[in-house]
Amino acid sequence: MFFSILIIGICISFSQGTLTIQVPSAGNCGDDTVLTCQFTGKIAASIGWYGLNRSLVTVRPEDNNKYTETIGTSSFTLTIHNTDITDGGDYRCKNGFDQSQFKRLKIECKASSATHSVTSGKKVQITVDKLYPASPTLTITFKRQDNSIQISGSSACSSSTQYTGYYRCVWTSRNSLDDGSYTYSIVVTTITQATPLTGSFKLASPGKPLISDVVQLNASREVVNGNDGQCLTIQCTSTGGYPSPTVTWYKNSISSSNQLASTSSGTLQSDGTYTVNLQHTFTPATSDDRIYLICRSYYPQADSAKVGSNSKSVLLYLRSAAYNIPATRTIQAINVHQTRIQLYRGKKQQPNGTIATINTG
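Visitor: So what exactly am I meant to see when it comes to the sheet that holds strand S15 (residues 147-149) here?
Guide: Strand pairing in a sheet takes place through backbone hydrogen bonds and is either antiparallel or parallel in direction. Strands sit in the order S15-S14-S18-S19 across an open sheet of 4 strands; the sheet is antiparallel. Single-partner strands in this sheet number two, and they are S15 and strand S19 (197-203). Here the strands of the sheet are splayed against their neighbours by 30° on average, with no regard to which way each runs. Bridge analysis of strand S18 (residues 180-189) against S19 gives 7 bridges, and the strand direction is antiparallel.

Visitor: Explain the pairing of strand S28 (residues 292-298) here, please?
Guide: Side-chain direction in a regular strand flips from residue to residue, so the side chains alternate between the two faces of the sheet. Burial of S28 is extensive: 6 of the 7 residues sit out of reach of the surface. Pairing between strand S24 (residues 246-251) and S28: 6 bridges, direction antiparallel. Its bridge partner lying in S28, Tyr250 is registered against Ile294. Relative to strand S29 (residues 310-319), S28 is paired through 6 bridges, and the arrangement is antiparallel.

Visitor: For this particular structure, what's the right way to read the sheet that holds S29?
Guide: In space, the 6 strands of this open sheet follow the order S21-S22-S29-S28-S24-S25, with mixed pairing throughout. Strand pairing shows two members of the sheet lacking a second neighbour, strand S21 (215-218) and strand S25 (259-260), which therefore form its edges.

Visitor: Would you mind showing me how to read the state of the cysteines here?
Guide: A disulfide bridge is the covalent bond that connects two cysteines by way of their sulfur atoms. Under the definition given, this model contains 4 disulfides. Note that Cys29 is cross-linked by a disulfide to Cys109, the S-S spacing being 1.8 Å. One quick way to see it: the torsion about the S-S bond of Cys29 and Cys109 is about -40°, and its sign makes the bridge left-handed. Here the residue Cys29 occupies a position in the loop between strand S2 (27-28) and strand S3 (33-39), and Cys109 occupies one in the loop between strand S11 (107-108) and strand S12 (115-118), the gap between them amounting to 80 residues. Note on Cys109: relative accessible area 3%, which makes it buried. Disulfide connectivity for the protein, with bonded cysteines indexed by sequence position, reads 1-4, 2-3, 5-6, 7-8.

Visitor: Can you walk me through the environment of Thr20 in this structure?
Guide: Here Thr20 lies in strand S1 (residues 19-22). Once the C-alpha coordinates of Thr20 and Phe102 are considered, the two residues, 82 residues apart in sequence, prove to be 9.5 Å apart. When sequence neighbours within four positions are dropped, the list of residues in contact with Thr20 reads Thr36, Cys37 and Gln38.

Visitor: Can you walk me through the packing of aromatic side chains in this structure?
Guide: Scanning all chains against the criterion turns up 9 aromatic pairs. Judged by centre distance (6.3 Å) and plane angle (35°), the rings of Tyr132 and Tyr167 are tilted. Here Tyr167 lies in strand S17 (residues 167-173) and Tyr132 lies in the loop between strand S13 (124-131) and strand S14 (137-144), a separation of 35 residues in the sequence. When the centroid spacing of 5.0 Å and the interplanar angle of 5° are considered together, the rings of Tyr182 and Phe201 count as stacked. With Tyr182 in strand S18 and Phe201 in strand S19, this residue pair connects regions lying 19 residues apart in the sequence. The class of Tyr182 is buried, set by a relative accessible area of 3%. When the ring centre of Tyr166 is taken as reference, the NZ or CZ atom of Lys130 above it lies at 5.5 Å. The ring of Tyr317 carries the charged tip of Arg290 above its face, separated from the ring centre by 3.8 Å.

Visitor: How do you make sense of the pattern of salt bridges when you look at a structure like this?
Guide: Side-chain pairing between opposite charges can occur once the charged atoms of the two side chains come close. Applying the stated criterion to the full structure yields 8 salt bridges. Between Asp179 and Lys122 there is a salt bridge, and its shortest N-O distance comes to 2.7 Å. Placement of Asp179 in the loop between S17 and S18 and of Lys122 in the loop between S12 and S13 is noted, with a sequence separation of 57 residues between them. The partner of Lys312 in a salt bridge is Glu222, with the nearest N and O atoms 2.8 Å apart. One end of the pair, Lys312, is in strand S29; the other, Glu222, is in strand S22 (residues 221-227), and 90 residues separate them in sequence.

Rules and cut-offs
- Residues numbered from 1 in each chain as written.
- Predicted model: local features only at pLDDT ≥ 70, side-chain atom pairs only at ≥ 80, totals over all residues.
- Heavy atoms only, no water.
- Pairing = 2+ DSSP bridges.
- Helix = DSSP H or I, 4+ residues; strand = E, 2+ residues; numbered from the N terminus.
- Axes fitted to C-alpha atoms, helices over the stretch in contact; angles between N-to-C directions.
- Buried < 20%, exposed > 50% of the residue type's maximum accessible area, 1.4 Å probe, protein only.
- Disulfide = S-S within 2.5 Å.
- Contact = heavy atoms within 4.5 Å.
- Phe/Tyr/Trp six-rings, centres within 6.5 Å; stacked < 30°, edge-to-face > 60°.
- Lys NZ or Arg CZ within 6 Å of the ring centre and 35° of its normal.
- Salt bridge = Lys/Arg side-chain N within 4 Å of Asp/Glu carboxyl O.

What follows is the structure in structure tokens.
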């Protein structure tokens, strides 16, 4: 059986050939993404692109800056400028009445920068932000003093708080780290692998703290002088630590029950370490005479082997108001023969307490 259809007064032309659309494995945010349409046969007078549930290129005025078409002898292309996550979806091309199959374009936002920080527990954290899609793979290698080392850790990814619609990942070392200078290289794979990102940091335990206004009695004893019942401020300075150490005053022994209320301020120095000044202000009573004041600089949240504790202690000497005498004192002895007068510093009969002996008569 044979059928024929005669259409009078209308000329319809059909392009003959096949169409194949090619898309990259992923379009990267901020870059240009090129879709290619390969065809066989002749190029038709009408070509076009369809995607994101609409016709592209010439439909909306804003498309003039978003898309660019280029026509070759056996293919034509669509360039998507300044690619972002809203460009992901299904695309197809047409040549005359011929249309390709839909192909899905995936979008990724590769890591372009990494930041790091060192916690008070001497663990390192490396952060990459503005990633897409979620759950990328982070591969990190480390060197310490130029020697490759293994540092175990884990990463956690969540919605970015700074970039809406993107993701942020933080890698944290599992254990506290030894003091030293470190470098790292991080490779982030979203859909494809990004260029490695690098950085460096160092960890240093603070030196022995210094206590202000100390009097050296002998080679093994240092004291701080105060007055019974009068306000006294003692200051301790810790230097050379990174990250900023915890500095604490204690009374007689290092324990939580003997910790003294204090105020501190830390300043990052040009050498990359912190100087921390800690003050404790109190009014000493008679019972505080001869107590030990201990200043400790350390990392209480670090693993026990990495605490890096350093401490300094001094003895508190109090001058009682009952025994204070002016710098100049006149003593008169009238009609007294062969009298011996002794002056004492502090309490009578204390070692080294006698400051003068006067014999009369």
